[in-house]
Amino acid sequence: MKLKFYFLLLTGVLICLPITTNAQDPGGKLVSVTAADTSTEASRGTADAGASLSGVVTDQTGAALSDVAVTIKNVDTSATRMVLTDGAGHYQESGLPAGRFEIRAAKKGFADETRARISLAVDQGVTVDIKMQQKVKGPDPCTSGKEFATTDCALTWHGVTLYGAYDIGVGWVSHGLPVNGYNYEGESLVNRNGAGSRFVVAPNNLQQTGFGIRGKEEFVHGWYIVFNASTGINPNSGLLADASKTNIVNNGLPRSSYSEAIDGARAGQPFNDEYYGGVSSDRFGTITFGRQRSLGTDAMLQYDPVGGGYGFSYIGYNGTMAGGGDTEDSRWDDALKYRLTYGPVHFGAMYKFVNGSGGCFSANMVWTAADCTPEEPHNNAFGFDLGGERGNFSADAVYQHYNQAISVLNPLLGPQSLSAPYQSTTDSINTNPISGPSGNLIDPNGTVYGIVTDNNAIMFAAKYKWDPFKFYAGYEYIWQNNPKNPLGVGASDMAGYIMSGVEDNNLDTQKLVNIWWTGAKYTYRTKTDVTLSWYQQRQNDFRLPPTCSPSAGFRSSCAGTLNETSIYLDQHFTKRFDGYAGIAYSYVDGGLAIAIPHGPGVPYNHHSNFAPTIGVRFAF
């Protein structure tokens, strides 16, 4: 009896003890499954008769993605389940109750994708396929000086990257000018004031010399803080790029004594390229605010065969195309910018808020503060970009509108103008002379002269890659009118420069500008690029009567055509260091206004320029 009792007691203990076995979880780790677990799985097996969700996860090319974490959330109860896709990209989860669900797919290297508003009925099976977009992966952070010198690694620390470039060359121009320390564009393009041939030190032929700091740091899943601050310099002098100052240093000089003078958005600001911050989302796009490149500038850099390099690209050097009709407007201050990419399609929108001072107007010959009526700035702007990519082809269409766009030149062009002691001597609001502080509110010394217009532009551009070639083409149509809201003397321009002269009625009729370009890049054994490009700008007569003839000097208000063609070779010695050599040739027929007023008329000294250049670039 005792033996039987002990046997029954031992049997009862064994029955009560949990039974443990080893198994592998989906990740490959050994886990313990108890009898209680087995009973739970059995009860779940009973529930498998409920609704189910399944599908296939692929990348943008349609290839299946394995090991994607697919999270299924019950919107009604907030309960979640997670399942990994198999080698064929397939996922499936069954035993789901009826209700509303949301699916989120996540994989390293890809943007998260969410599918919402999924309704399941009792015992219903629903298929939801998901396509994921691969994130653009930048260079890995540098780990040593050798790696920095020989690879394209990034100077990145905790999501913050330091970047920049140094680009310098030497060349010869058939019709050039002395070097100006504030100028940053070289002398490759034909210039109305160009004089004799000379050897020059040519800056920024392929890329603007300068540096910047940018960052992208995730603060919640899929959301990032982004910022960028960058500036450009003249590598010859070390001075900040300052287009307005190139005009000011020529104030009052005769044309024969000019140094190189330009117009542009880089006007000596501490951050003369971009300075902005914002928020970015994998799903909802990026919104930023501050000083930013215009949508036209973004498109120019993408679709120009030369990438905007000043030594070999007219549309990079001149900036008319990038600024939608005005070189200064290649960058917008106080601007809000939005970018969104959805599959192969991308969209951009931009708005510039009014800023600065409008100056003032007086009808009296001798101005005083008491009789000068304030003018208001109305220099808002907006633009849109729509484009897409399919395989090796990409294209964009951009529209931009800018009110009170300002084209700058020096106010005192010297005693060699054709019919007056100074060319730019009047404020066209009231045609009173600019004669200095004794007869005017604004001393012209240290100031600029501005021609004001309201501008519209629409641009189409495309490129196609067919290894080892890349082909580029684009067209922009620009129409300009006198400003609906004029500016006055003393109005502020880019970087806070003051205008001592303002011309609000430069156009007797609408000014029309057409710009075409095309080109091709050939890559030989990955390290050698040969680029050929052609650019043309056409302009109509916008003064009435036109008075356009060789004897009249073809004023800048006259119809004209400018052509530039270039070819250069770029040899990449390392990922960062390259050397280049090439030739740009440009010529102009007729008039053509490039930051020059309409009268009394300053003809081109020479109608062509031939500019061979060699140089080196180091980018990081």
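Bear in mind the structure is a predicted one, so any value in this text is a computation, not a measurement.

Draft legend 1. Inspection of the pattern of salt bridges at higher detail. Considering all chains together, one arrives at 15 salt bridges under this definition. A salt bridge links Glu93 to Arg81; its shortest N-O distance comes to 3.0 Å. Of this pair, Glu93 sits in strand 6 (residues 90-96) while Arg81 sits in strand 5 (residues 80-84), placing them 12 residues apart in sequence. On the accessibility criterion, Glu93 (10% relative accessible area) is buried. For Arg81, a relative accessible area of 28% gives the class partly exposed. A salt bridge links Arg339 to Asp298, with the shortest nitrogen-to-oxygen separation between them at 3.0 Å. Of the two residues, Arg339 is situated in strand 18 (residues 331-342) and Asp298 in helix 5 (residues 295-303); the sequence distance between them amounts to 41 residues.

Draft legend 2. Molecular detail of the sheet that holds strand 5. Read from one edge of the open sheet, 4 strands run 5-4-7-8, paired in antiparallel fashion. Both edges of this open sheet fall to strand 5 and strand 8 (113-120), since each of them pairs with a single strand only. Shown here is a sheet whose adjacent strand axes are inclined to one another by a mean of 20°, direction ignored. Of the pairings in the sheet, the one linking strand 4 (residues 69-74) to strand 5 comprises 5 bridges and is antiparallel in character. Bridge assignment links Val70 to a residue of strand 5, and that residue is Val83.

Draft legend 3. Spotlight on the state of the cysteines. What the rule picks out here adds up to 1 disulfide. There is a disulfide in this structure between Cys142 and Cys153, and the S-S distance comes to 2.0 Å. Between Cys142 and Cys153, the S-S dihedral sits near 95°, and the bridge is therefore right-handed. One end of the pair, Cys142, is in the loop between strand 10 (130-131) and helix 3 (145-150); the other, Cys153, is in the loop between helix 3 and strand 11 (155-157), with 11 residues separating them in the sequence. Cys153 sits in the buried class, given a relative accessible area of 4%.

Parameters and conventions
Residues numbered from 1 in each chain as written. Predicted model: local features only at pLDDT ≥ 70, side-chain atom pairs only at ≥ 80, totals over all residues. Heavy atoms only, no water. Salt bridge = Lys/Arg side-chain N within 4 Å of Asp/Glu carboxyl O. Helix = DSSP H or I, 4+ residues; strand = E, 2+ residues; numbered from the N terminus. Buried < 20%, exposed > 50% of the residue type's maximum accessible area, 1.4 Å probe, protein only. Pairing = 2+ DSSP bridges. Axes fitted to C-alpha atoms, helices over the stretch in contact; angles between N-to-C directions. Disulfide = S-S within 2.5 Å.

Limitation: the analysis is restricted to geometry and does not speak to function.
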